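Residues per chain are reported as follows:
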Amino acid sequence: MLSFIARRLMLAAPMLIGVSIAAFLLLHVLPGDPARAILGQRATKENVEQFRESQGLNDPLQAQYVRFIEGVARGELGSSHRTNRPVLDELKEKVPATIELTVFAMLFASVVGISLGILAAIKPRTIWDFICLGFALIGVSMPIFWLGFLVQKAFAGGLDLFPFGDRLDIAKWPTFHSDSGFFLYDALFVYQNAELTFDVLHHLMLPAMVLATVPMALIARMTRANMLEVLDQDYIRTARAKGLSNRPVILRHAMRNALIPVITAIGTQFGYLLGGAVLTETIFSWPGLGRYVIDAIDVLDAKPLQASVMLIAVVFISVNLLTDLSYAIIDPRLRHGGAKGSESTSGVGWLKFGPWALAGVPWFALLVLVLVTSTGRVPADALTKPWVIVLVLIGLEIAALIVWLIVSGAILQLLTAVRDLSLVGLAHGWEIAADGFKFLRKHKPALAGMSLILLMVVAAVGAPLIAPFDPMEGLNRFHEPVSSQFWLGTDSQGRDLFSRLVFGARTTLLVALAATLLSLVLGTLIGALAGYFGGAVDSFLMRAIDFMMSFPSFLLAVVTVAVLGKSLENLIWAVGIVGIPLFARQVRAEALRVKSLEYVEAARSLGFGHVRILARTVLPNCLSPIIVLGTLGMGSAILDVAGLAFLGLGGDPFVPEWGLILKHGWDESSKGAFQVGVAGACILGTVLGFNLLGDGLRDWLDPRTRLK
C-alpha cells in the first residue's frame, strides 16, 4: 500500500506543474491582446506598448512563467480588468459560495442515492426497483439547465416555496456579515440564529438539489448494481442460513462490501460537481466560482480565468488523490501490493519508444503556433521562420514514417488486417445484427430508446422536407400560439418554433456525432496502444490522459471554446477532446485483459508483428466496450453541446440548435416557457434514447445477461 500511495503522490506533482503551465498560457492564447483589453480600445499604440513593457508582457515566456509562479506563491494573482479589483479578493468571495453549494449537493446526492440504490436492490423487480432505475436513467439524461428552469418555475415561481437568487434575504438581514464567506457556518456558529440558518438553507436547497441530480442518479445506480452483486455471494447466503434476520445481513455484511466502490465514486463525483457548478450557478444567479468563470470568458478577462481554472484543477486533483488514497486503505488488494501497473510488451521500452515521443514535439509546436497566430498579437513576419521550421520537421517525419511503413511491411500488414476484417464483417455482420436485434427486441427499454433515436434522426435527415418554414426567417408573427399554421407557435423574433426544432435536431446531432467519433477514434487509439504495449508507452500516454482529467470535463470544454473561439467546428473539438479520457481508459483496460489471453500469445509465437496483432486480434476483442461507450458517449456529447450553446459558447447565434433555442426561450422568461419546455424535452428524449440503447447493448454483449 505504501508503494501505491508513494506512486500517487509522485504522479500528482507533475500534474500540478502541468496545470500551472496551462493556466499561465491562458493569458497568451485567449483571443485579443490582454494589454489592449485592460487599457480599453481607445488606448493609443504607445500606451499599450508602455503597459506591455511595464508588466513584463514582452519578456520571454519562461521568464513570465517564473514570475507567474512566484506571484501565485505570494498570493498575487493580478487584478480583473472588468472590475479593477484584485483577483484574490474576488476569489475569497466566490470560492466559499461554490464549496458550500457543492458540499451540500454532494451530501444530498449521497444520502438519497445510496438509500434509493439499497431499496431497489433489496426489493428487485418491484415498483421500488423500477422507480430507482427510471430515476437513474432520467437523472443522467436530464439537461441540468432545463431542470433548473422547471424547478424555478414550479417551486420558486408558481408555488413560491423557495426564493430565487442570492444566498440569503438581504432585506431581512441587512447587517449580516460573513468573515469566512461560508454563510451556513456563520449562521450556525457565529450568529447562532436558527431563523438566519433556515433562511440560508432555504436559499441553498433549490440550486443544490438541481446540481445533485446527476451524481444522485449515478450513485443510486452504482449502489443498486453493487448491492445486487454482493447479495448473490456465498457469504450472504451463509449468514442467512445461520438464522440472521434481513436487517443485520444488509447492514453488517452486504452494505460494508457494496459501498466500497460507491464511496470512491462519491469522491470522484464531488470533483465533477465543480464543473457542473458552471451551469447551475449561471441558472440560479448563484455568486460562486462557476458564474465567475463565465463572466470572465464573456469579456475575455484573463487573470480571473487563469486563477479560477488553476484553483478548480488543483481542488479536482486533490479530491481525486484523496479518493485514490482512501480506496487504497479500504481495498485489501492494494494493502497487500496488488493492482500494479501493466507489464511492458516484449521488445518495447523507453529506448524504442523515446524517438516516437520526441517525434510528437513538432506537432505540439504546430498546435502552439496555431494558437499564437489565432490571437493576432504577434506580427506575421515574426512567425514566418517558426512556421517554416515546424512544417519542414513535420514533412520530414511524415516522409520517414511512410518509408518505415513500406520497408517494415507494416502497411501490407495493416491492409491485410483491414481486408480480413472486412471479409469477416461482411460474412458475419448480418448474423450479428440479426442476433442483436432479436435480443434487443425482447429488451423493451432498448426498443424504446431506438424508437426515440429513430424519431430524432428522421427529423434531422428530413428537416428540409418536414419543416414548413425557413428556420431563420422572421415571419413578423411574434409569440404566436400553437395553431394549424404554426404547430408549436413562433418565438420572439417571429420564427416558426417547430421548424427551428427540426433543423436544431440536425445541428445538435451532427455536432454531437462528430465530437463522439473524434473521442472514439483518438481514445481507442490511445487506449489500445497504452494497454497493448504497456511499460513506457503506457506511462507516457496515460500520464497525458491523467493531465486531461485534472480538469472537470465540462469546464475543460468551456475553456477550450473560449481559447479556440465560438464556432460549430470548435464546439466539436471542445466536446470531442473532453471525451477522449473515457474511451482511452476503458479501451486500455480491455487491451490489458485481451493481450494476456492465449490466442494473443499464439499470434506472437507465430511471428506476427505488433500492428497485425493489434488490428486483427486485440482491437476486435475490445469492440464490446467501444460500442457501448460510443452509444452512451453520444448522449453525453448532446448534453455538452447543448450546455455550451446555452452558455453562449456555441456557433452562429442564428443557426438553430437545441441548447440555443432553449436559451432564447429562457431569456424571454414567462413568454418563452413553452419554447424552453419543448427544446428541453427534445434534448431529454434523445439523450434518454441513447442511454436506453447503450444499456441494452451492454446487456446483449454481456454473456452473463444473455445466458439468463
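Residues numbered from 1 in each chain as written. Predicted model: local features only at pLDDT ≥ 70, side-chain atom pairs only at ≥ 80, totals over all residues. Heavy atoms only, no water.

## With respect to the overall build of the protein
Selection criterion: Only DSSP runs of H or I reaching four residues or more are called helices, and only runs of E reaching two or more are called strands; each is numbered from the N terminus. Note on exposure labels: buried denotes an accessible area under 20% of the residue type's maximum, exposed denotes more than 50%, and partly exposed covers the range between, all computed with a 1.4 Å probe on protein chains only. What sets the accessible areas is the Shrake-Rupley method with a 1.4 Å probe; for residues, cover comes only from the shown protein chains.
Tallying secondary structure elements over the protein gives 31 helices and 0 strands in all. Split into buried and exposed, the 708 residues of the protein put 46% on the buried side. Carbon and sulfur atoms form 67% of the exposed surface of the protein, whose accessible area is close to 35,000 Å².

## Notes on the pattern of salt bridges
To keep it simple, the criterion reads: Salt-bridge detection follows one rule: a side-chain nitrogen of Lys or Arg within 4 Å of a carboxyl oxygen of Asp or Glu.
Counted according to the given criterion, the structure contains 11 salt bridges. A salt bridge links Glu 195 to Lys 172; the nearest nitrogen and oxygen atoms lie 2.9 Å apart. Here Glu 195, found in helix α9 (residues 194-211), pairs with Lys 172, found in the loop between α7 (144-158) and α8 (183-190); they are 23 residues apart in sequence, far enough to count as distant. Of the residues examined, Glu 195 reaches a relative accessible area of 44% and is grouped as partly exposed. Using a relative accessible area of 43% as the deciding quantity, one classes Lys 172 as partly exposed. Between Asp 491 and Arg 495 there is a salt bridge, with the nearest N and O atoms lying 3.0 Å from each other.

## A few points about the side chain of Asn 570
Note the cut-off: Any pair of residues with heavy atoms lying within 4.5 Å of one another is described as a contacting pair.
For Asn 570, the location among the structural elements is in helix α25 (residues 568-595). Contacts of Asn 570, omitting those with residues within four sequence positions, involve Val 561, Leu 564 and Gly 565.

## What to know about the packing of α25 against helix α28 (residues 623-646)
To keep things clear, this is the line we draw: To get an axis, a line is fitted to the C-alpha atoms, and for a helix only the part in contact is used. The angle between two axes follows their N-to-C directions and goes from 0 to 180 degrees. For classification, angles of less than 35 degrees are called roughly parallel, those exceeding 145 degrees roughly antiparallel, those between 65 and 115 degrees roughly perpendicular, and all remaining angles oblique. Handedness of each helix crossing follows the sense of rotation of the near helix against the far helix: counterclockwise by less than a right angle gives left-handed, clockwise gives right-handed. As a working rule, the residues Ala, Val, Leu, Ile, Met, Phe, Trp, Tyr, Cys and Pro are called nonpolar, Asp, Glu, Lys and Arg charged, and the rest polar, with Gly in that last group.
Between α25 and α28, the shortest axis-to-axis distance is 10 Å and the interhelical angle comes to 155°. In this view, α25 runs roughly antiparallel relative to α28, as classed from their interaxial angle. Both α25 and α28 take part in a crossing whose hand is right-handed. Only Pro 625, Ile 626, Leu 629, Gly 630, Ala 637, Asp 640, Val 641 and Leu 644 of α28 make contact with α25, whose side of the interface consists of Leu 571, Val 575, Val 578, Leu 582, Phe 583, Gln 586, Val 587 and Glu 590. Here the contact of α25 with α28 is built from residues that sort into 12 nonpolar, 2 polar and 2 charged.

## Structural notes on unusual backbone geometry
A positive phi angle is found at Ser 285, which is not glycine, with a value near 55°. Along the chain, Ser 285 turns up in the loop between α12 (246-283) and α13 (289-298). We classify Ser 285 as partly exposed; its relative accessible area is 27%. We note that Asn 476 has phi near 55°; this positive angle belongs to a residue other than glycine. Here Asn 476 lies in the loop between α21 (463-466) and α22 (497-533).

## Some remarks on the packing of aromatic side chains
Threshold: Note on aromatic pairs: the rings of Phe, Tyr and Trp (six-membered ring only in Trp) are paired at centre separations within 6.5 Å, and the planes decide the class, stacked below 30 degrees, edge-to-face beyond 60, tilted for the rest. Cation placement over rings: the criterion is NZ of Lys or CZ of Arg within 6 Å of the ring centroid and within 35° of the ring normal.
Under the counting rule described, the total for this entry stands at 12 aromatic pairs. Ring centres of Phe 155 and Phe 162 lie 6.4 Å apart, and the angle between their planes is 85°; on these two criteria the pair is classed as edge-to-face. Take Phe 155: its relative accessible area is 34%, and that puts it in the partly exposed class. Feature note: the residues Phe 145, Phe 149, Phe 646 and Trp 666 constitute an aromatic cluster, connected by ring pairs. A cation sits over an aromatic face here: Arg 167 above Phe 183, 3.9 Å from the ring centre.

## Things to note about α13
Most of α13 sits out of view: 7 of its 10 residues are buried. All buried positions along α13 are accounted for by Leu 289, Gly 290, Tyr 292, Val 293, Ile 294, Ala 296 and Ile 297. Backbone geometry just downstream of α13 places Leu 300 in the positive-phi region, at approximately 55°.

## Examining helix α3 (residues 45-54)
The condition that has to hold: Along the arc lie the directions from the helix axis toward the C-beta atoms.
For α3, the set of buried residues is Val 48, Phe 51 and Arg 52. Burial along α3 is one-sided: seen end-on, the buried residues are contained in an arc of 100°. Along α3, exposed side chains directed more than 90 degrees from the buried face belong to Glu 46, Gln 50, Glu 53 and Ser 54.

## A closer look at the packing of α22 against helix α29 (residues 658-667)
Viewed as axis vectors pointing N to C, α22 and α29 meet at an angle of 140°, and their least axial separation amounts to 8 Å. Judged by the angle between their axes, α22 and α29 are oblique. On α29, the residues touching Leu 497, Arg 500, Leu 501, Gly 504, Ala 505 and Thr 508 of α22 are Trp 658, Ile 661 and His 664. Here the contact of α22 with α29 is composed, by residue class, of 5 nonpolar, 3 polar and 1 charged.

## Description of a positive patch on the surface
The criterion, for reference: Patches here: salt-bridge-free residues with over 30% relative accessible area, like charges joined within 9 Å, nonpolar side chains (Val, Leu, Ile, Met, Phe, Trp, Tyr) joined within 5 Å. In this count, Lys and Arg are taken as positive residues and Asp and Glu as negative ones, while His and the chain termini are left out. By convention, charge coordinates are those of NZ in Lys, CZ in Arg, CG in Asp, or CD in Glu.
The grouping of Lys 438, Arg 441, Lys 442 and Lys 444 at the surface amounts to a positive patch. For the positive patch, the leading source of residues is helix α19 (residues 410-442), giving 3 residues. Among the secondary structure elements, Lys 438 is positioned in helix α19.

## Structural notes on the nonpolar core
We apply this condition: Among buried residues, the Ala, Val, Leu, Ile, Met, Phe, Trp, Tyr and Cys ones that are joined through side-chain atoms within 4.5 Å form a nonpolar core.
The biggest cluster of nonpolar side chains holds 130 residues, and the ones touching the most others in it are Phe 145, Met 227, Leu 644, Leu 647 and Ile 683. Among the elements that take part in this core, α12 stands out by supplying 14 residues, more than any other. Once residues within four sequence positions are removed from consideration, Leu 644 is found in contact with Phe 554, Ala 557, Val 558, Val 561, Leu 571, Val 575, Leu 649 and Gly 650. Ala 528, Ala 530, Met 542 and Ile 545 belong to the second-largest nonpolar core, a separate cluster that totals 21 residues.

## Remarks on a nonpolar patch on the surface
Where nonpolar side chains cluster on the molecular surface, the patch consists of Tyr 185, Leu 188, Phe 189, Val 190 and Tyr 191 and spans about 520 Å² of accessible area. Position of Tyr 185 among the secondary structure elements: in helix α8. Looking at Tyr 185, the relative accessible area reads 46%, which means it is partly exposed.

## Thoughts on the confidence of the model for the protein
What counts, and what does not: A score from 0 to 100, pLDDT tells how confident the predictor is in each residue.
For the protein, per-residue confidence averages 80 on the pLDDT scale, and 86% of positions sit at 70 or higher. Every residue in residues 337-341 is under pLDDT 50, and counting partners more than four places away or in other chains gives 4 contacts.

## A short note on the environment of Asp 491
What counts is decided by this rule: Under the rule applied, a polar contact is a pair of N or O atoms within 3.5 Å (in protein, one hydrogen donor and one hydrogen acceptor; residues adjacent in sequence only if both atoms are side-chain atoms).
By the element assignment, Asp 491 lies in the loop between α21 and α22. You can call Asp 491 buried: its relative accessible area is 3%. In sequence terms Asp 491 and Arg 477 are 14 residues apart; their C-alpha atoms lie 8.4 Å from each other. The residues contacting Asp 491, other than those within four sequence positions of it, are Arg 477, Phe 478, His 479, Arg 500 and Gln 675. Here the side chain of Asp 491 touches Arg 495 through a polar contact of 2.8 Å, landing on its backbone nitrogen.

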